[in-house]
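Each chain, letter by letter, is given below.
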Amino acid sequence: MSGRFVRLGETGRAAVSFHVDARPVSALEGDTLMVAMLTSGDRLRQSEFGDGARSGFCLMAACQDCWVWTEEGTKLRACSTPAAEGLRIVTTEPGATWLNHP
Amino acid sequence: MAQPSIVVVGAGPAGVRAAQTLVAAGIRPVVIDEGRRAGGQIYRRQPEGFTRSHEALYGTEAKRARDIHETFDALIPQIDYRPETLVWHISGGHVWTVGADGAHRSVPYDVLILCTGATDRVMPVKGWNHAGTYSLGAAQIALKAQACAIGSKVVFLGSGPLLYLVAQQYVKAGANVAAVLNTAPASARIAALPRLAAQPGALWNGVMLTMALKRAGVAMHHGVTPIEIEGDAQNGVSAVAVRLANGREMRFDCDAVGMGHHLRPETQLADLARCEFAFDPAVRQWLPVRDADGRASVQGVYLGGDGARILGARSAEASGTLAALTALGDFGLPIVAGERQKLRRAIAGYDRFAKGLAQAFPWPVAQAAALPGDAIVCRCESISAGDLRAVVNETGAREANRAKALSRVGMGRCQGRYCGLAAAEVIAAEAGVPIETVGRLRGAAPVKPVAFCTANEPEAPAA
Amino acid sequence: MTAPHQSDVLIIGGGIMGCASAFFLRQRGLSVTLLETDLVGRQASGTNFGNVRRQGRPLYQLPLANRSIAIWRNARELLGSDVEYLQRGHMRVCYRDKPEIAAKMESYALDAGQADLDLEMLSGNTLRSRFPFLGPEVLAASLSAQCGHANPRLTGPAFARAAERLGAVIHENCKAVSAEKDGGDFHVRTADGREFRAPTLLVTAGAWARTFVEGFGETVPLTSRGPNMCVTEPLPYAIGPSIGVATPDTVESVYFRQVERGNLVIGGSMQNQTFPDDYRVYIDPANSLGQWRQMQRLFPAIGRVNIIRTWSGIESYLPDDQPVMGPSGAVSGLFYAFGFCGAGFQLGPGVGETMAELIATGATAIDLSHYRIGRFAQN
């Protein structure tokens, strides 16, 4: 699946697999979670206030636009979190899972 | 003589040179870095396992970048280096940090050297909240740190030295650049030439960049007025619509936009350290007061690099060094007198160049007043220019914090980093008051989001 | 030199007490001038937690709280703007290590029922099934379905604008520096050199009331503290009532509410030191950390949630935890309403209506005896 970001090189890296919206996604070791998601998809999350999909903005942990949800209700800042095996990300609000005891 | 405990915040060019200077004086500073690897943003390093050379990554700045990286790597055994660590508050003579292990530590200091760097300065455009819109700095980080382009067809929009640099870097790396749209009129750059000549090397680089882009056939326009970043809520960006200098409207199809107008200092920690700020009309921003030697208004606090004022990476090396020397001298430790004089002169030269940049690439104040009512100003809270203007008119709010309290602009996760300057311009224009009377958004800890669980005691005692 | 400004009533202090009083005085046709040092609603009124609760107040305070809640429920129409009042309940819980508090809550519930405040006691499986996110240490809860919360940042200014639309004159950035009575009128001078006069003076100056009180020969042991506040990023909306821990132990006394936009607002635990002369308060980060630890006892899943901002303000306190409200004991025509001990937000509209009634008619149905300034008089 084509994504928003385009790889221009450095593709000789080990694969990292995880899930986005329950779909398997393949990324490369050293990708940030943001790059891992945006090389296979076009969004990170939905704006809480109805203006649509967001895909980050600053890439330097300043704008706080790239916080993504995990299936179990935690948040990760995608541009400053490495892509890692086994992550399960959702790009829409998870309902009330954030209330559950950890 | 007792050694001061010194904390340096930031490991970009200013922080690295400050640390180097301190180590040379026999001090073992704590160096706190939000990043995984030192270098800051301009000399941001690619992750381990990436293969590109410094020349490929940093172009004309490769030598300086390599020097900064190698210098810092050599310093690590002689400093208390804390990477992936956020300073979220400054209080009671301590910096309050959250580390990579998610645990809080407060670190006491006699001397605090803030080298907190900068972010892009952004003027909102209708549609800039669409997915696929990034800052110019972000476009550069995607390439530098991740070997990616932000899209398959990119438009660069804005002004400032980054605009042509990032565009040319993208072209060189094989990305598809649809257009480079400069909001500054060509005449502004010519008028600024005398000041830009203060850094002849940098001026020449700028000329080379535009020539390279022309050769690559990239569409380039000056004096552009943005109309809209077109797109839809789910698919994101589809085009950029602008009015050219000759009045004609034009659209450029794209799936990504890199936008920005040079940089703004990250001053939140200086604010929490209770440093005094002053309005600088040349850049239309409130900046922490810093004397010629790098002292902030609070005893024991020093400011280096772009975190105090945007003068560029080379100046940051000088001002980081100077701040450290001044701190040492103030503490009664011996320093070489002539060194500070040399640094002050160098910084003055960078200051002249920075003023030239501000003249060549002016912050487009008029665009704030011209923002359509449905243009989003605050991305975090999705507050439009119309919402903000309505609050100004209905409540009489004409001060930044009051307008924030009543409109929510600046109340989101980024604490106004990306909307604050533009919001102040919108408020000033709508209320008909001078920009400096709007004031600045008051800093609040934590300067970036922290989770409740970070307050828990660490599992093992801190090393 | 301009002539002094004259009105029926002069109000010093533009928090919710002063602004609500101005509004209700104008409804009664009295001319009102209000003087505010900074911007209206900026201090305690704008920085507090935002509880609009009757539960937990001493029973003798409930008539005033009931009067106030009726206004809250009608606030949007009355003020012409939304102050985000949500009547989704207020719940206080106690921990297992203090079971005596459950008994206290039950006893209070019985008494409160007489004063028109219906409380529901919850424990065990009922509590867990309705509020599954509460931590395992929570033993029991008392839920007041008819309480709620609102937005403090918006409320003071909304009352001020509504008062202005009715003809009140409000001067912001106008600090009253002296007040005295000369003949039939109070004379108040401000820092910018102006003079204001009125036969009636109402001091609603919060933490700054003391100089005026003492200037009229009375005593009030007023202190101030900064609330310990923070807010999270927006989260999917799921929690209706405002929820807090009932305990005598300040450290563990935390509370939170969720606004419709999704953010959680959190308050409580240790309070912060204030510098009222400089209009400053600083948050001790240790207080924030303590609050964040305590919140995880009340609501474990919050551990993963991000805090995006902390703040404080300057709230005024009196040693018996009750405000000063009512006529001066020394000077006729002088009235007070200040020192609400961090519990004034809910009362604000009711205080305004009551003070207006008292000033305009000479009497009020609300029993103010517990709030007399004379209780502090030295004999």
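Residues numbered from 1 in each chain as written. Chains lettered and ligands numbered in written order. Predicted model: local features only at pLDDT ≥ 70, side-chain atom pairs only at ≥ 80, totals over all residues. Heavy atoms only, no water.

Residues and elements named next belong to chain B. For the pair helix H1 (residues 13-24) and helix H9 (residues 313-330), interaxial distance at closest approach is 7 Å and the crossing angle is 35°. Handedness of the H1/H9 crossing: right-handed. Here Pro-13, Ala-14, Arg-17, Ala-18, Thr-21 and Leu-22 of H1 come into contact with H9, specifically with Ala-313, Ala-316, Glu-317, Gly-320, Thr-321, Ala-324, Leu-325 and Leu-328. (Axes fitted to C-alpha atoms, helices over the stretch in contact; angles between N-to-C directions. Helix = DSSP H or I, 4+ residues; strand = E, 2+ residues; numbered from the N terminus. Left-handed = near helix turned anticlockwise from the far one by under 90°. Contact = heavy atoms within 4.5 Å.)

Glancing now at the pairing of strand E14 (residues 225-232) of chain B. Residue and element names in this part refer to chain B. Two elements, E14 and strand E15 (residues 236-243), share seven bridges in a ladder whose sense is antiparallel. Looking at the pairing, Glu-228 lines up with Ala-241 of E15. The turn joining E14 and E15, which pair antiparallel and follow one another in sequence, is formed by three residues. (Pairing = 2+ DSSP bridges.)

As a further point, take the nonpolar core. In terms of nonpolar packing, the biggest core is built from 161 residues, with Phe-18 of chain A together with Phe-156 and Tyr-170 of chain B touching the most fellow members. It is helix H1 (residues 16-27) of chain C that contributes the most residues to this core, eight residues altogether. Excluding its chain neighbours within four sequence positions, the residues that come into contact with Tyr-170 of chain B are Ala-139, Ala-142, Leu-143, Cys-148, Ala-149, Ile-150, Val-154, Phe-156, Ala-175 and Val-177 of chain B. Counting residues in hydrophobic clusters, the runner-up holds 63 residues, among them Val-90 and Leu-99 of chain A together with Leu-112 and Ala-445 of chain B. (Core = buried A, V, L, I, M, F, W, Y, C linked by side-chain atoms within 4.5 Å. Buried < 20%, exposed > 50% of the residue type's maximum accessible area, 1.4 Å probe, protein only.)

Moving on to helix H5 (residues 99-114) of chain C. Residues and elements named next belong to chain C. Of the positions making up H5, those classed as buried are Ile-101, Ala-102, Met-105, Tyr-108, Ala-109 and Ala-112. When H5 is viewed along its axis, its buried side chains cluster within an angular range of 125° and face the same direction. Across H5 from its buried face, at more than 90 degrees, point the exposed residues Lys-104, Leu-110 and Gln-114. Check the buried side of H5 and you find it contacts helix H3 (62-73), strand E5 (90-95), strand E6 (119-123) and strand E7 (138-144). Downstream of H5 by a residue or two, Asp-116 has a phi angle that is positive, lying close to 75°. (Arc of directions from axis to C-beta.)

What follows covers the sheet that holds E6 of chain C. Strands in a sheet are paired, the pairing made by backbone hydrogen bonds, and the direction either parallel or antiparallel. Ordered in space as E24(B)-E21(C)-E15(C)-E18(C)-E17(C)-E16(C)-E5(C)-E7(C)-E6(C), the nine strands form an open sheet in which the pairing is mixed. Since the sheet does not close on itself, it has two edges, and those belong to strand E24 (450-451) of chain B together with E6 of chain C, each with one partner. For E5 of chain C and strand E16 (residues 242-245) of chain C, the ladder comprises four bridges, and the chain directions are parallel. Residue pairing in the sheet places His-90 of chain C in a bridge with Ser-242 of chain C of E16 of chain C.

All names here are of chain B. Domains assigned within chain B are domain 1 (6-119 + 264-356), domain 2 (122-261) and domain 3 (366-438). Between the C-alpha centres of domain 2 and domain 3 there is a distance of 25 Å. Listed as interface residues are nine residues of domain 2 and, on the opposing side, 11 residues of domain 3. The contact between domain 2 and domain 3 buries some 1100 Å² in all, and 62% of this surface belongs to carbon and sulfur atoms. (Domains from an automatic or database assignment. Buried area = accessible area lost by both parts, 1.4 Å probe.)

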